[in-house]
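# Structural overview
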Amino acid sequence: MTDWTPPVDVARVIAERTRRATTAMGEGGVATAVFVSSGRHLFTDMDPVIWLTGFKPMLAAAVVVTADGERVLYAQGEWEAGRARQVVSAPKVVAADDPFAAAAADLSTRSAGQRVGTAGARKLNAVEYRAFAGHQLAPVDAELDDQARSKDELELAQFRRASEISQVAFDSLRQHLRIGLTDVEAEAIIERRLRELGADDAFVFLSASTRNRAVQRPWGRVLMPGDILLTELSPCVGGVFAQICRTVAFGTPSEELQRDHAMLVDVMAAGVEECRAGQTVSGVVAAMDAPFVALGMEQYTKPPFMRVRGHGMGFGSVAPGDFLSKNTFELQAGDSFVLHPNQMMPGAGYLMCGEPVIVGESAGEIVTGSIAGLEIVEA
C-alpha cells in the first residue's frame, strides 16, 4: 500500500487545470496573473500553487501565468527549485532568493501598466505583499475557486487514497491501544503509520479525558480505565486532504456514552443520506440537527456545544465550505468533504464521529465504507 501511484495521467490533468486557470483569468478581466503561496498551509484552504502545479512548496513560491497557458514557477532557493523539478507536471522552474520579487519583475516585462490577476495574495503578510507594490493587482480567487470546484479525476483519486490510509492508520493504532499507553505514544503510532503509507502531510488531533470538553493535542496523559480517547486524523496525499474522526472508550463504556455516541452515528447517517446533488448544505445540516430537535435538545445544535457539521478540505477548492445552517451552497455530484457531527453531548461530554464523503446523485458515498461506531479497549 505504500507505493501508490495515481491511476490517471497527471500531466494531462494539470494541463486541464492550467486551462481552467486561464478561464478564471479571463472571467476576471486579466491577461496575466500571479498565483502565490507563502508556504504556510491551511488544510481547510486552497493553495493555488499546489492546485495549479502539483508542487507543494515549503517556502514562498509564485507562478506567473499568461492567457495562452505559459507558466513559470519561482521557488525560493535551489533546494526548493530542485524539489519542484521532480514534479512531473511542474512548469518552467526558476530558483530565486525572493520568489515574489522575481515574479513581480517578470510581470513588469509582460504586463507593464496593466491589471494583473492574483490568487493567494490575501494570505501574504505585509512584507511579502510589498513585493507586488508596483502592480495593480486584481484578485481572481473567487473565479479560480469556481473553476477548481469540480473535482477532477486526480483530486478524487487522491481524496480516496487519503481516506483509505486514514482508516489504515487508525486500525494500526487500535491494535496498539492499551491501558498505560500515553496519548503522545498513541499519536506517534498514527503519525508514523501515515508517513509509511505515503502521506506527504498530516494534521492530527488526539486527546483523552473521562469527560472531554473538546479534542486537542496530546500532552502526556496516561490512558486509564474510564478514559474516552478522541482523535481526528487528516492525512494529505498529493496535496489533497481527507479526514476521519473516532471515539475510543477505555474499559466498559457507560450506558450514557454508548447512547450518546450511537446518537451521533444516527445523526451522521441522516446527513450522508442528504448529500446528494441539488441539496443545499443547510439542508444537510437540518437533517443532522433533526434528531436533537425531536428530543427537545435544539440547544445542542448550536455553539458552544458544536462548531460545524463538516467542512471542505484543501488544497484545492474547499467548496461547499463549512456545514452550517446559514450556508445555502448547493451541492453537486463529486463534491468531497468530511462530514462530522462532533459535539458536546449532555451525558458523556464531547464525542467524535466523522467520515470522508463524496456527493452522489441520490445520496452521499462514505469513502471509508461505513460509519465507525464506538471503539472499546478492554481494561
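Report on the accompanying structure. Throughout, a residue's number is its position along its own chain's written sequence, starting from 1. Totals for whole chains, interfaces and linings use every residue, but because this is a predicted model, local features are given only for residues with pLDDT of at least 70 and side-chain atom pairs only at 80 or more, for both listing and counting. Side-chain measures here rest on the full set of heavy atoms in the structure, leaving out hydrogens and waters.

A run of H or I in DSSP counts as a helix once it spans at least four residues, and a run of E counts as a strand once it spans at least two, with each numbered from the N terminus. To estimate the expected span of a helix, count its residues, drop one, and scale the result by 1.5 Å. With 24 residues, helix α7 (residues 153-176) extends 35 Å from end C-alpha to end C-alpha; this agrees with the ideal 34 Å at 1.5 Å per step. Side-chain atoms alone can form a polar contact between residues adjacent in sequence; in general such a contact is a pair of N or O atoms within 3.5 Å, and within protein one must be able to donate a hydrogen while the other accepts it. For α7, the capping residue at the N-terminal end is D152, with a side-chain oxygen 3.2 Å from the backbone nitrogen of L154.

Once that is clear, we can look at unusual backbone geometry. Of note, the amide linkage connecting G314 to F315 takes the cis form, showing an omega dihedral of 15°. You can see F315 is positioned in the loop between β11 (310-311) and β12 (336-339). Residue A319 is joined to P320 through a cis peptide bond whose omega torsion reads 15°.

Our focus in this paragraph is the environment of F315. To sort residues, take the accessible area from a 1.4 Å probe on protein chains only and compare it with the maximum for the residue type: under 20% means buried, over 50% means exposed, and anything in between is partly exposed. Since its relative accessible area comes to 2%, F315 is described here as buried. With 79 residues separating them along the chain, F315 and C236 place their C-alpha atoms 9.1 Å apart.

Attention now moves to a nonpolar patch on the surface. A contiguous nonpolar surface patch, about 360 Å² in accessible area, is contributed by M58, L59 and W79. If you trace the backbone, M58 turns up in the loop between α2 (48-53) and β2 (61-66). Candidates for patches are residues over 30% relative accessible area with no salt bridge; among them, like charges are joined within 9 Å and nonpolar side chains (Val, Leu, Ile, Met, Phe, Trp, Tyr) within 5 Å. Residue-level accessible areas treat just the shown protein chains as cover; the underlying method is Shrake-Rupley with a 1.4 Å probe. Any carboxyl oxygen of Asp or Glu that lies within 4 Å of a side-chain nitrogen of Lys or Arg is treated as forming a salt bridge with it.

Here a strand pair is declared whenever DSSP counts at least two bridges between the two strands. Judged by pairing direction, the sheet is mixed, and its 6 strands sit side by side in the order β4-β3-β2-β1-β5-β6 without closing on themselves. Single-partner strands in this sheet number two, and they are β4 (92-96) and β6 (136-139). Adjacent strand axes in the sheet meet at a mean angle of 25° when their direction is disregarded. For strand β1 (residues 32-37) and β2, the ladder comprises 6 bridges, and the chain directions are antiparallel. Looking at β2, one finds that V36 is bridged to A62. Only heavy atoms enter the contact rule, under which two residues are in contact if any of them lie within 4.5 Å. Think of each axis as a best-fit line through the C-alpha atoms, taken over the contacting stretch in the case of a helix, with angles from 0 to 180 degrees between the N-to-C directions. Across the sheet, helix α4 (residues 99-110) touches β1, β2, β3 (71-76), β4 and β5 (115-119), and the angle it forms with β2 is around 15°.

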